[in-house]
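Structural overview for review
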Amino acid sequence: MAGKPPTGDPVQDAPDVTAPQHAAAGLPAVAHSLRIAHQQMGARRTALTLLKVNQKDGFDCPGCAWPEPDKRHAAEFCENGAKAVAEEATLRRVTPDFFARHSVSDLAGRSGYWLGQQGRLTQPMYLAEGADAYEPVSWERAFDIIGEELAALGSPDEAVFYTSGRTSNEAAFLYQLFAREFGTNNLPDCSNMCHESSGSALSETIGIGKGSVLLEDLYKADLIIVAGQNPGTNHPRMLSALEKAKHGGTKIITVNPLPEAGLERFKNPQNARGLAGGGTALTDLFLQIRLGGDQALFRILNKLVLETAGAVDTEFVREHTHGYEDFRTAALTADWDETLRATGLSRAEIEQALGMILASKRTIVCWAMGLTQHKHAVPTIKEVVNLLLLRGDIGRPGAGVCPVRGHSNVQGDRTMGIFERPAPAFLDALEKEFGFTPPREHGLDVVRAIRALRDGQAKVFFAMGGNFVSATPDTDVTEAAVRRARLTVHVSTKLNRSHVVTGARALILPTLGRTERDRQAGGEQFVTVEDSMGMVHASRGGLKPASSHLLSEPAIVCRLARRVLGTASATPWEAFERDYGTIRDRIARVIPGFEDFNARVARPGGFTLPHAPRDERRFPTATGKANFTAAPVEYPHLPEGRLLLQTLRSHDQYNTTIYGLDDRYRGIKNGRRVVLVSPEDARALDLADGSYADLVSEWTDGTERRAAGFRVVHYPTARGCAAAYYPETNVLVPLDHTADTSNTPASKSLVVRIEKTERKADQAG
Ligand SMILES: Nc1nc2c(c(=O)[nH]1)N[C@H]1C(S)=C(S)[C@@H](COP(=O)(O)OP(=O)(O)OC[C@H]3O[C@@H](n4cnc5c(=O)[nH]c(N)nc54)[C@H](O)[C@@H]3O)O[C@H]1N2
Ligand SMILES: Nc1nc2c(c(=O)[nH]1)N[C@H]1C(S)=C(S)[C@@H](COP(=O)(O)OP(=O)(O)OC[C@H]3O[C@@H](n4cnc5c(=O)[nH]c(N)nc54)[C@H](O)[C@@H]3O)O[C@H]1N2
Ligand code: SF4
Ligand SMILES: [Mo]
């Protein structure tokens, strides 16, 4: 029943397993999303809320960053969008009374799923030094506590200001402004763990760290390669776009160690063919690659393109690129034996892919975490760019790079300056507009922030959203690091583990969600977001806030800034809080592409940000051209008797938020502690389906990390590879195991030993 949280902790790790499915969405998806929505919101609220998702006068889906088509359907959301909305618009509440009943040590023993199911946070809560229970606190006192701890720091760089990717443009702009006026660039964000590798690779090669395609381009492409991405779960409406492209004749190559149901076949719930019929087959060629084999794959494809007469767009290469000769020399040395070893593919499969690439005049490559979370993620993505440059596939319709972003405003937060390594031009613009001297030294990213906390160099940790201790690698190390802080503060909508793994003092600051009305002294406000394709538009919530004590994220930053910076700041924080239009006026003056922001965002559907490579084939790199690169090919090496483990998402979760315990498309029910292993590897390692095992990761420095009690599932993944869900497996990811250049945790390639145990399911930890 809506409004009633579950009692006890329902996580059981005795999952039921059936065969994986071969198609995504259809009626079961509709039914499932409505069931979860009803449980959280009841029928009336479900109907009212879901009809406003992604509508031009409604609010932006708090799920992923996939863009909306210009022509909107009445139900412009997917199953997982509905779940994200229900999670936020739930009628369940976490009140001060809840904290009186549950001590912090009690809550620390609960699962993330249970914590999230308790409902929306309603009042600011304070955990005093030495106390074991949160108590209600006034907003004023909360800001005083933060002010006291910030004032006590030896340097502003002892504070860390984290951001998750749901924060609006307005809140993000104010937040980075506050941090920089306070004096630090310590602005790590979830992007550091996500598409940082894409940003690094694209900035260096094409001059801008964002994708170069719009939704229409997908429909115009001859070929779309989807590498390292599971859109059926994580960007479900991308399947509608792929379906539309397929009907126009587009071919699709999928590169993935797992046969993901959504990429096999899509049953679009918005049309009759999808609801009742067989749906649309999406993938034409499935390359079941080994984890981390993508750079080798794209390298040999590039060699083969170079060796095919007439296959290189020589005019584009001559006019628009730099570094071709060095790249060509390196690519021509690509070796078949090494490629087959690295990829696990056959020569015939790779030649078939080549044939499809050569037959395509317009190719798009889409990717997500399967490419970004590896040690060699940056050179892998650069190799993808090499292919597109060879074919002249950047800066014309139907072609380009398409890193598909995760959080609904993660791209916008970066555009607004949430970045620990801001460009000098951005800081210059801030300085000119606001009349203070921003710090110039680079700040801490996520991994470096954890080290700084661990080593006592960072003492105040402030999070604008997210669930830092669960999302980050090396859970035990990270939790111990966070516990060393003087103060941890979380601006949050829902309870999560980061609220119960705290510094000496801790604060929970409850905030409005996307779905809620935001009324300030200047009247009703809206915020703006940027999707994965650089489209900026307004988002307006319609629901009554979960509690009368909530403040919006912009209001929290404004009040914090006034308390902490006092008269030293000439920034009009009060006016910003009163009327968000005044924030947008400043954004318009500081950030290129936002000229006339207020007027342009008032248009239904918003506007598209400029993108020089896409719009003008202009590449704002150091060389002034698009850069070919020639990094040595790398791939993970697997010691005898070990498997390479990727940590990924189930269908019933949004990052660390667990909606339910099923992963429907993969045939897993009622549990999350599963490890997927190919039947051949399982036989070789003597791991029966249904047996239980511990996962032990082995790191190069000789240390080991253990996650206990996983049910072995025989699953058709690539040989030598295994998969298990995040965040349960984050304990296995060594803090130092990160991607070169981007420093993103390499959570898709962990060398693990699978140790059989005699434990029964109900004892599994
Ligand atoms: N419902 C839902 N939606 C979400 C999220 C969620 O948790 N739930 N999270 C959001 C966020 S923040 C993000 S970043 C995105 C994440 O979206 P995805 O990147 O799709 O998420 P993952 O579950 O990490 O899946 C990685 C995919 O890459 C494949 N893969 C792993 N390693 C390799 C490799 O080495 N090579 C290749 N070719 N493939 C590989 C995996 O088998 C899997 O299909 O989704 C966003 N949307
Ligand atoms: N092993 C492993 N680790 C990973 C990954 C992986 O694939 N494998 N993926 C990484 C990726 S791609 C990402 S993006 C990170 C995600 O890292 P985070 O962004 O830190 O984590 P989330 O789980 O998305 O954060 C959920 C919390 O955000 C809060 N929240 C929700 N909505 C709002 C809102 O509107 N405002 C505010 N203030 N708070 C809100 C809620 O309290 C909720 O509990 O995890 C990374 N970690
Ligand atoms: S595809 Fe992403 S943004 Fe769109 S409705 Fe689904 S979860 Fe929301
Ligand atoms: Mo992400």
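Residues numbered from 1 in each chain as written. Chains lettered and ligands numbered in written order. Predicted model: local features only at pLDDT ≥ 70, side-chain atom pairs only at ≥ 80, totals over all residues. Heavy atoms only, no water.

Per an unreviewed UniProt entry, the chain is named Formate dehydrogenase, and its organism is Streptomyces hiroshimensis. Reading the Sequence similarities (unreviewed entry) entry of the UniProt record for the chain gives the comment "Belongs to the prokaryotic molybdopterin-containing oxidoreductase family." (UniProt positions renumbered as here; feature names shortened; annotations may be inferred.)

Moving on, we come to the sheet that holds strand E9 (residues 251-255). Picture the strands of a sheet paired through backbone hydrogen bonds; they go either parallel or antiparallel. The strand order E12-E9-E8-E14-E15 describes an open sheet built from five strands, whose pairing is parallel. Both edges of this open sheet fall to strand E12 (285-287) and strand E15 (400-403), since each of them pairs with a single strand only. The sheet shows a mean angle of 15 degrees between the axes of neighbouring strands, taken without regard to direction. Pairing of E9 with E12 involves three bridges; the strand directions are parallel. Across the sheet, the residue bridging to Val-255 is Leu-287, located in E12. Here helix H9 (residues 196-206) sits on the sheet in contact with strand E14 (363-367) and E15, set at roughly 160 degrees to E15. Each of strand E8 (223-227), E9 and E12 is contacted by helix H19 (residues 347-359), which is oriented at about 130 degrees to E12, the strand it contacts most. (Pairing = 2+ DSSP bridges. Helix = DSSP H or I, 4+ residues; strand = E, 2+ residues; numbered from the N terminus. Axes fitted to C-alpha atoms, helices over the stretch in contact; angles between N-to-C directions. Contact = heavy atoms within 4.5 Å.)

Turning our attention to the UniProt feature "domain: Molybdopterin dinucleotide-binding" (unreviewed entry) in the chain. UniProt's entry tags residues 643-749 with the feature "domain: Molybdopterin dinucleotide-binding" (unreviewed entry), counted in the numbering of this structure. For residues 643-749, helix accounts for 6% and strand for 36%, while the C-alpha atoms at its two ends are 9 Å apart.

Moving on, we get to the domain arrangement of the chain. Per the domain assignment, the segments of the chain are domain 1 (26-88), domain 2 (93-191 + 409-516 + 546-565), domain 3 (196-404) and domain 4 (643-757). Counting residues at the interface gives 11 residues for domain 1 and seven residues for domain 4. Here domain 1 and domain 4 share an interface that buries about 740 Å² over both sides, 47% of which is from carbon and sulfur atoms. Among the residues domain 1 hides against domain 4, the three largest losses belong to Asn-80, Lys-83 and Glu-87. Together they make up 43% of the total. Inspection of the region where domain 1 meets domain 4 yields two salt bridges. The salt bridge involving Glu-79 is made with Arg-664; its shortest N-O contact spans 2.9 Å. Taken together, the links from domain 1 to domain 4 amount to six residue pairs in polar contact (both at pLDDT 80 or more). At the level of secondary structure, the elements contributing two or more residues to the side of domain 1 that touches domain 4 comprise helix H1 (27-41) and helix H3 (79-89). (Domains from an automatic or database assignment. Buried area = accessible area lost by both parts, 1.4 Å probe. Salt bridge = Lys/Arg side-chain N within 4 Å of Asp/Glu carboxyl O. Polar contact = N/O pair within 3.5 Å; in protein donor to acceptor, adjacent residues only side chain to side chain.)

For helix H29 (residues 580-590), the buried fraction is high: eight of the 11 residues fall into the buried class. Looking at H29, one finds that the buried residues are Tyr-580, Gly-581, Ile-583, Arg-584, Arg-586, Ile-587, Ala-588 and Val-590. (Buried < 20%, exposed > 50% of the residue type's maximum accessible area, 1.4 Å probe, protein only.)

On to the site of ligand 2. Ligand 2 sits among 30 residues. The nearest are Tyr-162, Ser-164, Ala-471, Glu-553 and Thr-656. Thr-493 places a polar side-chain atom, nitrogen or oxygen, 3.3 Å from a nitrogen atom of ligand 2. Separating an oxygen atom of ligand 2 from a side-chain N or O atom of Arg-649 is a distance of 3.1 Å. Protein chains shield 96% of the accessible area of ligand 2, which is 930 Å² for the free molecule. Its residues assigned to classes, the shell around ligand 2 shows nine nonpolar, 16 polar and five charged. (Near = heavy atom within 4 Å. Areas by Shrake-Rupley, 256 points an atom, 1.4 Å probe, with all protein chains shown as cover. Nonpolar A, V, L, I, M, F, W, Y, C, P; charged D, E, K, R; others polar.)

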